[in-house]
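Structure at a glance
Here are the chains, one letter per residue:
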Amino acid sequence: MSREERRNYERMMKSMERGPALPPAAKARAERTAARRTRARATAAPPGSFTTRFWVRSLVIAAAAAFIAFSFQWPQMPFALYVGLIVFGVILLVLVGFRLLKRRAATRS
């Protein structure tokens, strides 16, 4: 499209409506949603922080893995308990290590 054609097209479309405007209720709802999102971002914990949600989830995952390891060693009772406790500790350390790496990566970028 040449420059002259573009100018003519813009002149013709000058009085045309760009698109349907949002009704007032939809506009207010969109503004409330945007305000809610900005509040949620402001109160959100920084990446890599040790929140209660992280600790609960990590303890549940470590306990499940420990129970599975304990179950595999069940007939040999004291050894099974030791294996379960060791797996619990290792999994918990791995999850905390990943969280620390996430925190370190977030501070670098």
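Let me sum up the structure you'll find in this document. Please read all numbers here as calculations on a predicted model, not as lab measurements.

Here's the deal with the overall build of the protein
For the protein, the helix and strand inventory stands at four helices and zero strands. Shown N-terminal to C-terminal, the secondary structure of the protein runs as helices and strands in the order α-α-α-α. Taking 109 residues into account, the globule formula puts the C-alpha radius of gyration at 13 Å, and the protein, at 29 Å, lies well above it. Once the C-alpha set of the protein is aligned to its principal axes, its extents read approximately 90 × 35 × 30 Å. For the protein, restricting intrachain contacts to residue pairs at least 6 apart in sequence, the fraction spanning at least 24 positions comes to 66%. Counting every atom, the protein has about 9,400 Å² of accessible surface; 65% of that belongs to carbon and sulfur. Computing the positive centroid from 20 side-chain charges and the negative centroid from 5, the protein places the two 25 Å apart.

Side note on a positive patch on the surface
Together, Arg29, Arg32, Arg36, Arg37, Arg39 and Arg41 line one region of the surface with positive charge. As for its position among the elements, arginine 41 is in helix H2 (residues 24-43). The class of arginine 41 is exposed, set by a relative accessible area of 62%.

What to know about the side chain of serine 58
One can find serine 58 in helix H3 (residues 52-72). The class of serine 58 is buried, set by a relative accessible area of 2%. A distance of 2.8 Å separates a polar side-chain atom of serine 58 from the backbone oxygen of phenylalanine 54.

What about H3?
The end-to-end C-alpha distance of H3, which contains 21 residues, comes to 30 Å, matching closely the 30 Å that a straight helix rising 1.5 Å per residue would cover. When H3 is considered as a whole, its buried residues turn out to be Phe54, Ser58, Ala62, Ala66, Ala69 and Phe70. Along the axis of H3, the buried residues cluster in a sector spanning 120°; they form a single face. Every exposed residue of H3 that faces more than 90 degrees away from the buried side is listed here: Thr52, Arg53, Val60 and Phe67.

Criteria and thresholds
- Residues numbered from 1 in each chain as written.
- Predicted model: local features only at pLDDT ≥ 70, side-chain atom pairs only at ≥ 80, totals over all residues.
- Heavy atoms only, no water.
- Helix = DSSP H or I, 4+ residues; strand = E, 2+ residues; numbered from the N terminus.
- Rg over C-alpha atoms; globule rule 2.2 N^0.38 Å.
- Contact = heavy atoms within 4.5 Å.
- Areas by Shrake-Rupley, 256 points an atom, 1.4 Å probe, with all protein chains shown as cover.
- Lys, Arg positive; Asp, Glu negative; His and termini not counted.
- Charge placed at Lys NZ, Arg CZ, Asp CG, Glu CD.
- Patch = residues over 30% accessible without salt bridge, like charges linked within 9 Å, V, L, I, M, F, W, Y side chains within 5 Å.
- Salt bridge = Lys/Arg side-chain N within 4 Å of Asp/Glu carboxyl O.
- Buried < 20%, exposed > 50% of the residue type's maximum accessible area, 1.4 Å probe, protein only.
- Polar contact = N/O pair within 3.5 Å; in protein donor to acceptor, adjacent residues only side chain to side chain.
- Expected span 1.5 Å × (residues − 1).
- Arc of directions from axis to C-beta.

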